[in-house]
Amino acid sequence: MRYLCLIYENEKAWESLPPSEAEAIMGEYFGFTEQIRGNGKFVAGEALQPTPTATTVRVRNGKISTTDGPFAETKEQLGGFYLIDAKDLNDAIQVASKIPSARVGSIEVRPVIDFSQEMEKREQEGAGASV
Amino acid sequence: MSDPIEELFRTESRRVLATLIRLLGDFDLAEEAMQEAFTTAVERWPTEGTPKNPRAWLVSTGRFKAIDQLRRRARFDASLAAVADRLGNGVTPPHELDDDSLEDDRLRLIFTCCHPALQPDAQIALTLREVCGLTTEEIARAFLTPAPTLAQRIVRAKAKIKAARIPYHIPSRAELPERLATVLHVIYLVFNEGYSASSGGSLTRLELSVEAIRLGRLLTELLPEPEAAGLLALMLLHESRRASRTTADGELVLLDDQDRSSWNRELIAEGVTLVERALRSRNFGPYTLQAAIAAVHAEAPSAADTDWAEIVGLYDVLRKADPSPVIELNRAAAVAMRDGPENGLVLIDGILARGELADYAVAHSTRAELCRRLGRTADAVDSYRRAHALTRQEAQRRFIDRKLGALLEAGDGTNHVPRH
């Protein structure tokens, strides 16, 4: 089963970190990613540019509106994510607890909805219609 | 239901349910299957006779009923056919097992209901519903919560177990300490809610304490962990004093003033044995230490003849294991008994000055009592009034009223209030 681990932390604190410490944390992240690639739990993972680079997009009455910045001002910001394949929630919690930012920020673990059966059904129906 | 089956339902339904949840992987489906199995038993046992292994029979029947149910539903939702097939091709069919070789799944059930990923309120509600078999209405009444709110809590928790795939497992050795702590906390909260209702008119809500002790017994039976035994001991030792904590008309009686001849000696003996066993394991925690303190009280012939030095010593260890201002407050009260009220008062004033217990009624009433013993009537009156304003318990409020009344009467008699 897939879980999305959303990494939240205070990006301001990250900016004010001395380079040597930032580098050490990056090293930990590379190590962690290697580890979950090795045990087959890694599906995807990315780090995000900080929120000042964010743009919020909405469509209302067919009109696109774009605004600067994230949707809400919060103490911790979404800084990156891992998509993992875990046996169950306990397994996912174990993986999430090893994400380096778990020690300073927080990791939100969200189960991913499995649409594979739906997709299969749609494909079958689609195939049936074309015959 | 006929009587033997009703009796069986009372003793076996939770265990049957716990196993059905494991076999079927779904709380609601298992609940339905369990009900159907018992309904079938009511129909068939009186004429066909009771099976040799009733528990295994019920599990097996419930499982087949659930698979049937899924097959019927599969006509509308094809994906269920695969689920039904998978369940149908299970390992050893339970009807080939006898009752004793059928695994006891209640420990899985307890750990799942108390999973830390569930809201604390939901952990309590789900445990009482699934493990104890209380109805939603009963739980709602006990916790003074509207029944729809409580039902909603249970529905949400079950939905999360399913959607987030909270496993139906006993935690691994590495996870056990943290997970067990959550389970013990849930049980103790249930007990306390029954023992000293946090608000409202009645001081004790017996049924919740009974359920908590039942849970404690079940847990110690299934899991040989010293802290589980420690918690059970603590609950039994508190319970042993239930009759003496209130007067016939529901007024509060403090430990020092209780009629010790009415303490339940059987519960005390059982509690003391459990504490001693937990202490010997050298792998105990805060519940065992609190139980050890309760045991010293339970074995003392009177408040004055209590081994207060031992109690202070136990509080010292407890304070290290589980630092909390409430424990410091209790320790201060014990120091007052060992070394005199002025020594206890210095400690309590220190705790209150730190502000952590400023809104805790018991801190002020304890201070008031020490001031009273020292003859500082005005200070005692002040502190009792603070406690009175802070408490939410009716019985506690009336108790403080009586204390205040006695103090003010004595004050009137001497015509002056001593000040220091």
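Remember, predicted model here, so these are calculated numbers, not experimental data.

Visitor: Help me understand the overall build of chain B in this model?
Guide: Within chain B, the regular secondary structure consists of 20 helices and zero strands. C-alpha extents for chain B along the principal axes are approximately 85 × 45 × 40 Å. A buried classification covers 40% of the 420 residues belonging to chain B.

Visitor: Got a minute to help me understand the overall build of chain A in this structure?
Guide: When its secondary structure is counted, chain A shows four helices and six strands. Ordered by position from the N terminus, the helices and strands of chain A form the series β-α-α-β-β-β-β-α-β-α. Computed over its C-alpha atoms, the radius of gyration of chain A comes to 19 Å, more than 25% above the 14 Å expected for a compact globule of 131 residues. Judged by the C-alpha coordinates and their principal axes, chain A covers about 65 × 45 × 20 Å. Per-residue burial for chain A yields a buried fraction of 14% across its 131 residues. Across chain A, the fraction of contacts at a sequence separation of at least 24, relative to all contacts at a separation of at least 6, is 75%.

Visitor: Is there a simple way to explain the environment of Asp26 of chain B in this structure?
Guide: Residue and element names in this part refer to chain B. With respect to the helices and strands, the residue Asp26 is situated in the loop between α1 (3–24) and α2 (27–48). Residue classification places Asp26 among the buried residues on the basis of 20 C-beta atoms within 10 Å. Through-space distance from the C-alpha of Asp26 to that of Lys162 is 7.4 Å; in sequence the pair is 136 residues apart.

Visitor: Quick question: what am I supposed to make of the interface of chain B and chain A here?
Guide: Accessible area lost during the coming together of the parts is what is often quoted as the interface size. Taken residue by residue, the interface counts eight residues in chain B and six residues in chain A. Across the side of chain B that touches chain A, the residue classes tally to five nonpolar, two polar and one charged.

Visitor: So what exactly am I meant to see when it comes to the packing of helix α18 (residues 361–373) of chain B against helix α19 (residues 377–390) of chain B here?
Guide: Residues and elements named next belong to chain B. Between α18 and α19, whose axes approach to 8 Å, the crossing angle comes to 160°. What the angle tells us is that α18 and α19 run roughly antiparallel. Regarding α18 and α19, the two cross each other, and that crossing is left-handed. Residues Ala361, His364, Ser365, Arg367, Ala368, Cys371 and Arg372 of α18 pack against Asp379, Ala380, Ser383, Tyr384, Arg386, Ala387 and Leu390 of α19. Taken together, the residues of the contact of α18 with α19 sort by class into seven nonpolar, three polar and four charged.

Visitor: Mind showing me how you'd approach the nonpolar core here?
Guide: Within soluble globular proteins, side chains that are nonpolar generally end up buried alongside one another. Of all hydrophobic cores here, the largest spans 122 residues; its most connected members are Leu20 and Ala233 of chain B. Dropping the residues within four chain positions of it, Ala233 of chain B is found in contact with Gly271, Leu274, Val275, Ala278 and Ala291 of chain B.

Visitor: Would you explain the sheet that holds strand β1 (residues 2–9) of chain A in this entry?
Guide: Two pairing modes exist for strands in a sheet, parallel and antiparallel, and in both the strands are linked by backbone hydrogen bonds. Residues and elements named next belong to chain A. With antiparallel pairing, four strands are arranged side by side in an open sheet as β2-β5-β1-β6. Each edge of the open sheet is held by one strand with a lone partner, namely β2 (42–47) and β6 (106–111). Geometrically, the sheet is characterised by an average inter-axis angle of 20° between neighbouring strands, direction not taken into account. Most of the contacts of helix α3 (residues 89–97) go to β6, to which it runs at about 150°, and overall it touches β1, β5 (77–85) and β6.

Thresholds applied
- Residues numbered from 1 in each chain as written.
- Chains lettered and ligands numbered in written order.
- Predicted model: local features only at pLDDT ≥ 70, side-chain atom pairs only at ≥ 80, totals over all residues.
- Helix = DSSP H or I, 4+ residues; strand = E, 2+ residues; numbered from the N terminus.
- Buried ≥ 20, exposed ≤ 12 C-beta atoms within 10 Å, placed from the backbone.
- Rg over C-alpha atoms; globule rule 2.2 N^0.38 Å.
- Contact = placed C-beta atoms within 7 Å.
- Nonpolar A, V, L, I, M, F, W, Y, C, P; charged D, E, K, R; others polar.
- Axes fitted to C-alpha atoms, helices over the stretch in contact; angles between N-to-C directions.
- Parallel < 35°, antiparallel > 145°, perpendicular 65-115°, else oblique.
- Left-handed = near helix turned anticlockwise from the far one by under 90°.
- Core = buried A, V, L, I, M, F, W, Y, C linked by C-beta atoms within 7 Å.
- Pairing = 2+ DSSP bridges.

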